[in-house]
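Residue-level structure breakdown
For reference, the chains in residue letters:
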Amino acid sequence: MNKVIIINLNGIAYQLEEDGYEALRAYLDSAARRLEGNPDKGEIIADIEQSIADKFRSVLGANKTVVVTREVQDVIAEMGPVQDDSFRGPGAAAGAPGASFAGAAGPAPAAAAPGVKAKRLYRLREGAKIGGVCNGLAAYFGTDVTLIRILFAIVGISFGAGILLYIALMVIIPWANTPAEVADAHGDPSTAEDIIRRAKEGYYSGMKTFNDPANYRQWKRKVRQEWRQHRRDLRDAWRRNKHDWNWSWHWPHHDQPPGQPHVYGWWFAMPFAGLLSALLTVLFILALLSLVTTHAIFGFYLPYAIPFWLQIVGLIMIFNAFKWPLRAMRYGFHPGVGPAHWNPFIALWHTIAWIGFLIFAVWLLHHNSHAHQALDAAGDQVHDWIHQFKNWWDRQ
Amino acid sequence: MIINDNFSAIRKGLLEFLVLKIVAADKVYVADILSQLSGTEFATQEGTLYPLLSKMRREELVDYEWKESEAGPPRKYYKLTAKGREQLRETDDYWQKISETVKQLGQGASKSTN
């Protein structure tokens, strides 16, 4: 069930889903900003609204009275970003924010002002096949989805790693939920796309002058400098992504400003996440031991087609895929946690909570016969595994 | 891809010329112009075309009249003005010259290097 918003386009009412309304408003706002100062602004906007209305009418019928979000997005993509080269008014330069939105699916908006908003890596629902990972990557690098899918398929078939990588990315990359996030996913071509574009444009022309050694040296220096800058940009963008993503663990909606949070869950959640990741680590080591010694994970045999070394790699990847979100959750629950901002009070609390958990665990084991037996059995099992591992090692 | 990027400025500059040509042939509305351009190298979208048409109307190259349509509200039908016709002829001549130059320059260069 979705909320519906009624809008008036040139005198006729249309019912739009809420997200679709937001998307349309963003498009029309950006159009208005771009036409700022144009003497025919009002008329052009009216033309555009009329055209949108025509397109809406074509998707509606007797049994369909609401324009859904996807249809609104399709219409916006069909309209394309409003580009006005005829008039260079005072608002022309300032009109760019939000304009990148319109470029989401249309041809690249060449007029978009640089550095308006950095690109973010999101998973995109629009046109997603499984988890939207390929879709998001394609938007991030400004390439075709099919190409990324084929790459994943090749890696997936020949190594099996593609599937694991996909799952890992699915866990790591957040969905783009709001229209603004979808816009960010396509974003401003300031990072990855820019590198590809520059590589295409600039370097070829530089290569033509290679027969002149002085030119060649200069070209080399320039390329090196630029790549250093690109690497820095990309790293910064990635850091921002990670930071935002950490935030999203306790701010379910991205659009809230990542200011100082008033979240009191961290004192509970942090040691809890810590315990989970500790358990995960123990589980991982046990699984690895069992895989090495018995060629099966806790008695579960993997398909013979997968070579042994790959089983180990896969196990490590699965472990990391689970561990990383936990880490991020721990760091995400408080701004003072994490390698970058070490805070003695939080570290102290973390330690105290840990000792508390340990004491509780020891107490539980002493007073609960089932747990006691389980631990005894587990000890024997581990002993057994280690023994088998030794045998296996001797045989090598 | 590289060709696409390098020539986007040329395509942009030529769009007005092509719109003049399309409007000169017949009275059209925006959807006609879009459909005639789609499938060519000059495929464009309403977001680009409406501002361009309004600029051309400001410069008195085209004019429009409202016409009732069978389905939906009245539409703007665009037609060429006298000034627009003049501009089209000039641009057409200029274009002929440019394409001649492009053709000849390549051949001349290859001959001189031989």
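Computed from a predicted model, the values in this text were never measured in an experiment. (Residues numbered from 1 in each chain as written. Chains lettered and ligands numbered in written order. Predicted model: local features only at pLDDT ≥ 70, side-chain atom pairs only at ≥ 80, totals over all residues. Heavy atoms only, no water.)

1. As for the pattern of salt bridges
- In this structure the tally under the stated criterion is 17 salt bridges over all chains.
- Here Glu36 of chain A makes a salt bridge to Lys41 of chain A, at a shortest N to O gap of 3.5 Å.
- It is possible to trace a salt-bridge network through shared partners that takes in Asp40, Glu43 and Asp47 of chain A together with Arg57, Arg58 and Lys76 of chain B. (Salt bridge = Lys/Arg side-chain N within 4 Å of Asp/Glu carboxyl O.)

2. A word on the packing of helix H2 (residues 8–25) of chain B against helix H4 (residues 46–58) of chain B
All names here are of chain B.
- Running from N to C, H2 and H4 cross one another at 75°; their axes reach a closest spacing of 11 Å. Judged by the angle between their axes, H2 and H4 are roughly perpendicular. Side by side, H2 and H4 meet where Leu15, Glu16, Val19 and Leu20 of the first sit next to Thr48, Leu49, Leu52, Leu53, Lys55 and Met56 of the second.
- Its residues assigned to classes, the contact of H2 with H4 shows 7 nonpolar, 1 polar and 2 charged. (Axes fitted to C-alpha atoms, helices over the stretch in contact; angles between N-to-C directions. Helix = DSSP H or I, 4+ residues; strand = E, 2+ residues; numbered from the N terminus. Parallel < 35°, antiparallel > 145°, perpendicular 65-115°, else oblique. Contact = heavy atoms within 4.5 Å. Nonpolar A, V, L, I, M, F, W, Y, C, P; charged D, E, K, R; others polar.)

3. Here we look at the packing of aromatic side chains
Residue and element names in this part refer to chain B.
- In this structure the tally under the stated criterion is 5 aromatic pairs over all chains.
- Taking the centre distance of 5.2 Å and the plane angle of 50° together, the rings of Tyr29 and Tyr77 count as tilted. Of this pair, Tyr29 sits in the loop between H2 and helix H3 (30–37) while Tyr77 sits in strand S2 (residues 75–80), and the two are 48 residues apart along the sequence.
- Overall, the relative accessible area of 19% leaves Tyr77 in the buried class.
- One aromatic cluster is present, formed by Tyr64, Trp66 and Tyr78 through successive ring pairs.
- In this structure, Lys67 packs its charged tip against the face of Tyr77, placed 5.1 Å from the ring centre.
- The positively charged end of Lys76 is found above the aromatic ring belonging to Tyr64, 4.5 Å away from the centroid. (Phe/Tyr/Trp six-rings, centres within 6.5 Å; stacked < 30°, edge-to-face > 60°. Buried < 20%, exposed > 50% of the residue type's maximum accessible area, 1.4 Å probe, protein only. Lys NZ or Arg CZ within 6 Å of the ring centre and 35° of its normal.)

4. With respect to a nonpolar patch on the surface
- On the surface, Tyr94, Trp95, Ile98 and Val102 of chain B cluster together to form a nonpolar patch covering roughly 400 Å² of accessible area.
- Position of Trp95 of chain B relative to the elements: it lies in helix H5 (residues 82–113). (Patch = residues over 30% accessible without salt bridge, like charges linked within 9 Å, V, L, I, M, F, W, Y side chains within 5 Å. Areas by Shrake-Rupley, 256 points an atom, 1.4 Å probe, with all protein chains shown as cover.)

5. Section: the sheet that holds strand S1 (residues 4–9) of chain A
All names here are of chain A.
- In spatial order, the strands read S1-S2-S3; together these 3 strands make up an open sheet with mixed pairing. Each having just a single partner strand, S1 and strand S3 (66–67) make up the two edges of the open sheet.
- Here S1 pairs with strand S2 (residues 12–17) via 6 bridges, running antiparallel. The residue bridging Ile6 from the neighbouring strand is Gln15, located in S2.
- Relative to S2, helix H1 (residues 18–34) is tilted by about 115°, and along the sheet it contacts S1 and S2. (Pairing = 2+ DSSP bridges.)

6. A few points about H3 of chain B
Residues and elements named next belong to chain B.
- Listing the buried residues of H3 in full gives Val30, Ile33, Leu34 and Leu37. The buried residues of H3 occupy one face: seen down the axis, they fall within an arc of 100°.
- Contacts from the buried residues of H3 go to H2, H4 and S2.
- Immediately downstream of H3, the backbone of Gly39 shows phi near 90°, a positive value. (Arc of directions from axis to C-beta.)

This is a description of form; function is not addressed.
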